[in-house]
Amino acid sequence: MIEIKNIHKQFGIHHVLKGINLTVRKGEVVTIIGPSGSGKTTFLRCLNLLERPDEGVISLQDKVINCSYPSKKDIYWLRKQTAMVFQQYHLFAHKTVIENVMEGLTIARKMRKQDAYAVAENELIKVGLQDKLNVYPSQLSGGQKQRVGIARALAIHPDVLLFDEPTAALDPELVGEVLEVMLEIVKTGATMIVVTHEMEFAKRVSDQVVFMDEGVIVEQGTPEEVFRYTKKERTRQFLRRVSPEYLYEPKEFIKEPVI
Ligand SMILES: Nc1ncnc2c1ncn2[C@@H]1O[C@H](COP(=O)(O)OP(=O)(O)OP(=O)(O)O)[C@@H](O)[C@H]1O
Ligand SMILES: [Mg+2]
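Residue positions are counted from 1 within each chain, in the order its sequence is given. Ligands are numbered from 1 and chains lettered from A, in the order in which they are written. In view of the model being predicted, local features appear only for residues whose pLDDT reaches at least 70, and side-chain atom pairs are presented and counted only at 80 or more, with totals across whole chains, interfaces and linings using the full set of residues. Hydrogens and water are ignored here; the side-chain numbers use all heavy atoms of the structure.

Looking at an unreviewed UniProt entry, one finds the chain named Sulfur-containing amino-acid ABC transporter ATP-binding protein TcyN, with Bacillus tequilensis as its source organism.

Note on soluble globular proteins: their nonpolar side chains tend to be buried together. Among the buried residues, those of types Ala, Val, Leu, Ile, Met, Phe, Trp, Tyr and Cys that are joined through side-chain atoms within 4.5 Å form a nonpolar core. Only protein chains enter the area calculation, which uses a 1.4 Å probe; residues under 20% of their type maximum are buried, those over 50% are exposed, and those in between are partly exposed. Membership of the largest hydrophobic core comes to 42 residues, with the highest contact counts inside it found for L124, I150, L161, F163, M182, I185 and M192. Each helix is a run of DSSP H or I of at least 4 residues and each strand a run of E of at least 2, with the numbering of both proceeding from the N terminus. Looking at this core, the elements that each hand over two or more residues are β6 (82-85), α3 (97-108), α4 (113-126), α5 (142-155), β7 (160-164), α6 (172-187), β8 (191-195) and α7 (199-205). Here, residues are in contact when the closest pair of their heavy atoms is within 4.5 Å. Apart from residues lying up to four places away in sequence, M192 is in contact with E28, V29, V30, L161, F163, M182, I185 and V186. Membership of the second largest hydrophobic core comes to 30 residues, among which are L49, L60, C67 and I193.

Our focus in this paragraph is the site of ligand 1. Put simply, a residue is near a molecule or strand once any heavy atom of it comes within 4 Å of that molecule or strand. Contacts to ligand 1 come from F11, H14, V16, P35, S36, G37, S38, G39, K40, T41, T42 and E165. As used in this structure description, the phrase polar contact means that two N or O atoms lie within 3.5 Å; if the pair is within protein, one of them must be able to donate a hydrogen and the other to accept it, and residues adjacent in sequence are counted only when both atoms belong to side chains. At a separation of 2.8 Å, an oxygen atom of ligand 1 approaches a polar side-chain atom of T41. One of the side-chain N or O atoms of T42 is found 2.5 Å from an oxygen atom in ligand 1. For ligand 1, whose accessible area on its own is 630 Å², the fraction buried by protein is 60%. All accessibility values rest on the Shrake-Rupley procedure with a 1.4 Å probe; residue burial counts only the protein chains present in the view.

So, about helix α9 (residues 233-242). Those residues of α9 that sit buried are T235, R236, F238 and L239. Seen along its axis, α9 keeps its buried residues to an arc of 165°; they face one direction. Where α9 is buried, its residues meet β3 (29-33), α7, β9 (208-213), β10 (216-221) and α8 (223-228). The directions from the helix axis to the C-beta atoms are what the arc is built from.

A few words on the pattern of salt bridges. Throughout this description, the term salt bridge denotes a Lys or Arg side-chain nitrogen within 4 Å of a carboxyl oxygen of Asp or Glu. Throughout the structure, instances matching the rule amount to 12 salt bridges. The residue K5 makes a salt bridge to E3 at a minimum N-O spacing of 4.0 Å. Accessibility expressed as a relative area gives 43% for K5, which makes it partly exposed. Note that K203 and E200 form a salt bridge whose closest N and O atoms lie 3.5 Å from each other. Here E200 and K203 lie together in helix α7, a separation of 3 residues that amounts to about one turn. Connected through salt bridges with shared partners, the residues E233, R236 and R240 form a single ionic network.

Once that is clear, we can look at the sheet that holds β9. What the 6 strands build is an open sheet, ordered β6-β7-β8-β3-β9-β10; its pairing is mixed. Edge strands, defined here as strands with exactly one partner in the open sheet, are β6 and β10. The average undirected angle you get between the axes of adjacent strands in this sheet is 20°. Here β6 pairs with β7 via 4 bridges, running parallel. The partner of T82 across the bridge, within β7, is V160. In the packing of α6 onto the sheet, the strands contacted are β3, β7 and β8, and the crossing angle to β8 comes to about 150°. Here, a strand pair is defined by DSSP locating no fewer than two bridges between the strands. Fitted lines through C-alpha atoms give the axes, limited to the stretch in contact for helices. The angle between two N-to-C directions lies from 0 to 180 degrees.

Structural data, given as structure tokens:
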């Protein structure tokens, strides 16, 4: 279980995260949805201290980390327990596919090259890239690049997988292959926090859906609670905009049919 309490982050005078609380149990999938600029990426980055929160506490396993003054050891430890999949892949252009996946194992985990190769190969097989081990990222499609990003995250066997809009940079026809790989990961019982605009995916896989706006969690619940029995008008407005198939409207919003 990861327990996140009262995360605040300010960039200058811009208060981007205003006290985020979230508990994710082992094996749960939490999807975070919300408009651009609402703080979703910043929140994920705070979770593995790529961004330093001004305030907040993260509890994971038997550790309680004070985010405003984490020790080097805490930062290092937390990064080993959480792995991020980025929207823009963040692959090393001068390294081959398998070298990209091995990097975290040989450098951060101090694994022997030979062992790292075996682990990386195994993860790349899982994401369907067994025939691309020795090519460079520039020779891959966006969907394939993202699958390398996913294999790299899986390879370190993190406690929690963080995904920041993993399909947002992809051409529409490539989105499906990445979502399929993610679905397979869900089936393994991984703990995942996923920022996404893919509402169908969120509905299908989430234990909890979190709607964020302007640095706060506006609404949170099961997919049915958030997508069907939406409580807050702000959430409803967002869903109407991003999800054309969002048809549910409470009675008072349904107009009389014109005869
Ligand atoms: N390093 C930074 N320095 C200053 N401001 C930042 C920084 N990173 C993010 N911000 C600001 O914080 C706000 C939240 O940004 P963030 O990227 O977390 O939003 P988001 O919800 O992920 O948006 P999107 O859906 O477009 O990815 C934005 O107004 C952004 O300009
Ligand atoms: Mg973002």
